[in-house]
Amino acid sequence: MKINFSDARPQDADVLAFIVTKTTFSDFTFPLENSDIVHATAKLARFEAAAGQSFLLINEEGGKLVRIILVGVADGEAGDYQKAGGDIVAKVQTSGAKHIAIHGANLSANAAAEAAYGAALRNWRMDKYRTKLADTAKPTVETLTVAGAPADASTLWPSYHAIAEGVALTKELVTEPANIIYPESFVERCKHLAELGVEISVLDDKDMAALGMGALLGVAQGSRRPARLLVMKWDGTGGSQERPVALVGKGVTFDTGGISIKPAAGMEDMKWDMGGAGAVAGAMKALAGRKAKAYVVGVCGLVENMPDGNAQRPGDIVTSMSGQTIEVLNTDAEGRLVLCDALHWVQEKYNPEYVVDLATLTGAIIVSLGSEYAGLFSNSDELADKLTAAGKASGDPLWRFPLSKAYDKMIDSPIADMKNIGGKGAGSITAAQFLGRFIKDGVKWAHLDIAGTVWADKAGPVWDKGATGFGVRLLDRFVADNFEG
Ligand code: BES
Ligand code: MN
Ligand code: ZN
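Owing to the predicted nature of the structure, the values given are computational and were not obtained by experimental measurement.

## A word on the packing of aromatic side chains
And then number 1: Per the stated rule, a full pass over the model turns up 15 aromatic pairs.
And then number 2: With a centroid separation of 6.2 Å and 70° between ring planes, the pair formed by F18 and F28 is classed as edge-to-face. Of this pair, F18 sits in strand β2 (residues 15–21) while F28 is found in the loop between α1 (22–25) and α2 (35–44), placing the two residues 10 residues apart along the sequence.
And then number 3: Where F434 meets F438, the ring centres are 5.5 Å apart and the plane angle is 35°; that geometry is what we call tilted.
And then number 4: Under the relative-accessibility criterion, F438 is labelled buried at 3%.
And then number 5: Here the aromatic cluster, defined as three or more aromatic residues joined through ring pairs, consists of F18, F25, F28, F30, F47 and F55.
And then number 6: The side chain of R225 reaches across the aromatic face of Y182, ending 3.7 Å from its centre.

## Section: the domain arrangement of the protein
And then number 1: Here the protein is described as being made up of domain 1 (2–150) and domain 2 (162–483).
And then number 2: Taken together, both faces of the contact between domain 1 and domain 2 bury some 1,200 Å²; the carbon and sulfur share is 62%.
And then number 3: Considering only the side of domain 1, the residues that lose the most area to domain 2 are L121, R122 and W124, jointly responsible for 48% of the buried surface there.
And then number 4: Joining domain 1 to domain 2, the criterion identifies two salt bridges.
And then number 5: For E176, the salt bridge is made with K128, and the minimal N-O distance between the two is 2.4 Å.
And then number 6: Listing elements by their share of the side of domain 1 that touches domain 2, those giving two or more residues are α3 (78–92) and α4 (109–122).

## Some words on the site of ligand 1
And then number 1: Neighbouring residues of ligand 1: 17 residues in total, closest K262, D273, D332, E334 and G363.
And then number 2: At 2.9 Å, a side-chain N or O of D255 approaches an oxygen atom of ligand 1.
And then number 3: Here D332 contributes a side-chain N or O atom positioned 2.8 Å from an oxygen atom of ligand 1.
And then number 4: Here ligand 1 loses 77% of its free accessible area of 520 Å² to cover by the protein chains.
And then number 5: Across the shell around ligand 1, the residue classes tally to six nonpolar, four polar and seven charged.

## Description of the coordination of the manganese ion (ligand 2)
And then number 1: Protein-derived coordination of the manganese ion (ligand 2) comes from D255 (OD), D332 (O), D332 (OD) and E334 (OE), at a distance range of 2.0 to 2.2 Å.
And then number 2: Each of the six donor atoms bound to the manganese ion (ligand 2) contributes to angles spanning 71 to 166°, and the resulting shape is irregular.
And then number 3: Read in sequence order, the donor residues coordinating the manganese ion (ligand 2) give the pattern D-x76-D-x1-E.
And then number 4: Taken as a pair, the manganese ion (ligand 2) and the zinc ion (ligand 3) lie 3.2 Å from each other and share D255 as a ligand.

## With respect to the environment of I68
And then number 1: Tracing the backbone through its elements, the reader meets I68 in strand β4 (residues 64–73).
And then number 2: Sequence separation of I68 and F18 is 50 residues, and the distance between their C-alpha atoms is 7.9 Å.
And then number 3: Once you skip the residues sitting within four places of it in the chain, I68 turns out to touch L16, F18, L32, V38, F55, L56, L57 and N59.

## Concerning the state of the cysteines
And then number 1: With the rule as written, the count across this model stands at zero disulfides.
And then number 2: Lacking any disulfide linkage, C300 is separated from the closest cysteine sulfur, that of C190, by 6.3 Å.
And then number 3: Among the residues examined, C300 registers a relative accessible area of 0% and is labelled buried.
And then number 4: Between C340, a cysteine without a disulfide, and C300, which holds the nearest cysteine sulfur, the sulfur-to-sulfur distance is 16 Å.
And then number 5: Given a relative accessible area of 0%, C340 falls into the buried group.

## Quick notes on the packing of helix α5 (residues 152–175) against helix α9 (residues 275–289)
Each pair of packed helices can be summarised by the angle the axes make with each other and by the distance between the axes.
And then number 1: Put simply, α5 and α9 touch, their axes get as near as 7 Å, and they point 155° apart. Compared by their axis directions, α5 and α9 come out roughly antiparallel. Both α5 and α9 take part in a crossing whose hand is right-handed. Of the residues in α9, those in contact with A162, I163, E165, G166, L169, T170, L173 and V174 of α5 are G275, G278, A279, A281, G282, K285, A286 and G289.
And then number 2: Looking at side-chain class alone, the contact of α5 with α9 contains eight nonpolar, six polar and two charged residues.

## Some remarks on the coordination of the zinc ion (ligand 3)
And then number 1: Those protein atoms acting as donors to the zinc ion (ligand 3) are K250 (NZ), D255 (OD), D273 (OD) and E334 (OE), and they sit at 2.0 to 2.4 Å.
And then number 2: Because the angles between the six donor atoms bound to the zinc ion (ligand 3) fall within 78 to 173°, the donor set is best described as octahedral.
And then number 3: Along the chain, the residues that donate to the zinc ion (ligand 3) are spaced as K-x4-D-x17-D-x60-E.
And then number 4: On the basis of relative accessible area, K250 is assigned to the buried category, the value being 2%.

## Let's talk about the pattern of salt bridges
And then number 1: If you walk through the whole model with that rule in mind, you get 28 salt bridges.
And then number 2: Across the pair R290 and D476 runs a salt bridge whose closest N-O atoms are separated by 2.7 Å. Of this pair, R290 sits in the loop between α9 and β10 (295–305) while D476 sits in helix α15 (residues 472–483); the two residues are 186 residues apart in sequence, bridging distant segments of the chain.
And then number 3: Judged by relative accessible area, D476 falls into the buried class, the value being 6%.
And then number 4: Here the residues in one salt-bridge network are K128, E172, E176 and R189, joined through shared partners.

## Thoughts on the sheet that holds strand β5 (residues 99–103)
And then number 1: Pairing within the open sheet is mixed, and its six strands lie in the order β1-β6-β5-β2-β4-β3. The sheet is open, and its two borders are formed by β1 (2–6) and β3 (54–61), each paired with just one other strand. Neighbour to neighbour, the strand axes of the sheet diverge by 25° on average, direction disregarded.
And then number 2: The pairing of β2 with β4 spans seven bridges and is classified as parallel. The residue bridging T21 from the neighbouring strand is V73, located in β4.
And then number 3: Strand contacts of α2: β3 and β4, with the helix running at about 145° to β3, the strand carrying the most contacts.

Cut-offs and rules
- Residues numbered from 1 in each chain as written.
- Chains lettered and ligands numbered in written order.
- Predicted model: local features only at pLDDT ≥ 70, side-chain atom pairs only at ≥ 80, totals over all residues.
- Heavy atoms only, no water.
- Phe/Tyr/Trp six-rings, centres within 6.5 Å; stacked < 30°, edge-to-face > 60°.
- Helix = DSSP H or I, 4+ residues; strand = E, 2+ residues; numbered from the N terminus.
- Buried < 20%, exposed > 50% of the residue type's maximum accessible area, 1.4 Å probe, protein only.
- Lys NZ or Arg CZ within 6 Å of the ring centre and 35° of its normal.
- Domains from an automatic or database assignment.
- Buried area = accessible area lost by both parts, 1.4 Å probe.
- Salt bridge = Lys/Arg side-chain N within 4 Å of Asp/Glu carboxyl O.
- Near = heavy atom within 4 Å.
- Polar contact = N/O pair within 3.5 Å; in protein donor to acceptor, adjacent residues only side chain to side chain.
- Areas by Shrake-Rupley, 256 points an atom, 1.4 Å probe, with all protein chains shown as cover.
- Nonpolar A, V, L, I, M, F, W, Y, C, P; charged D, E, K, R; others polar.
- Donors = N, O, S within 2.8 Å, 3.2 Å for Na, K, Ca; no water.
- Tetrahedral: all angles 85-135°; square planar, octahedral: opposite > 155°, others 65-115°.
- Contact = heavy atoms within 4.5 Å.
- Disulfide = S-S within 2.5 Å.
- Axes fitted to C-alpha atoms, helices over the stretch in contact; angles between N-to-C directions.
- Parallel < 35°, antiparallel > 145°, perpendicular 65-115°, else oblique.
- Left-handed = near helix turned anticlockwise from the far one by under 90°.
- Pairing = 2+ DSSP bridges.

Structure (structure tokens):
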């Protein structure tokens, strides 16, 4: 879908959308032949422009029938405009309509850009494997024009567009099945970030073995697919920011559980066990795409967790790159094994001031938070507050959990430095404590457990069923608000 900003409403628009508030709606004169009929029809349908309310009618305009959409937003709430843009697209995406015009004259520049952004996000879908999709089920909308918005809207747009492109990359990586996206092909799908100025380097399994990444490689050893560590560096500061922000993603391209194998029902969901890595890649694309004035390094630990004759066994003891040893009591608690080496490596190599990791780490976080919030764990109140604020502002919300010595004790092992599972309770916290053991003194670190928010069984404001792109908007906002001066 192409997105334009123009002064006048395009002649060929066949969807005319209006975003209105409760207080302005009653006196709103639609720039349409039949403004009165629109009001009367809306009244009949009990549309009052309440926030989130929307309404579609068909009426004659310029000698042809067009769809007219009204969407209600609350006064002054930025996020509502994204949702409004998303609603508009969702209503007509496969309707046969080709060109949406959003009326921009009653919107601020910001609101107009937000609406276009929401529409761009919500429009994403993957149809490439549906060779028999009925014509009536295919997307038809080709263009969206925001008409008559303040001129600044089109100045704001390129940054929003860049973030939407980042979110789209994440959704693509998350949606692709595991026979298509595995460590090597994940790397290939990210190589185009180099065109945006991202410096890409890749460690293969031999490189990682030489570095002593026994925890990450222990997970990978049961798979035919060799592991990769993908590193994406974006420095938009011209070298003036000394220590980068590091983003680290869990990229388990498929998680069978390994020898501690998962039940068959629902195992297909584990194709999106690389959602943390997907979010990191998407965030790097967003940051580079909008030329963020910040220094950020993204690292994706990429492995497949499979149970073959070479797979690691419950009880195996592995040595991580940090030198700490781990008793692997459950091969399905693999995400922390991948992350611990990626976390240690990035601290050694880049000396980051802040480290944020994202991982579909535990089913327990879904028990706690469902799919509304992702879990936040941090050794720094300052970092936790910054991330919480960015989450709230961006639409990817976070809820903080505690860390403590008492929880940490739960992963002590009688034979090694630690074991990879805790006791009965607090599964998400003991997983976070495990990661915390690989964070150096003085480094401000946060772990985001996104197992509940990567994949949605119903459509949300700016995503369809399936991949949500969670984390990209959050990380982009976190960087924008705190590291771009
Ligand atoms: N990838 C899973 C966590 C997960 C579960 C993500 C459901 C999304 C949906 C992770 O590797 C895992 O298997 N965790 C185990 C840990 C346990 C063995 C300590 C879990 O949560 O059951
Ligand atoms: Mn697992
Ligand atoms: Zn996993």
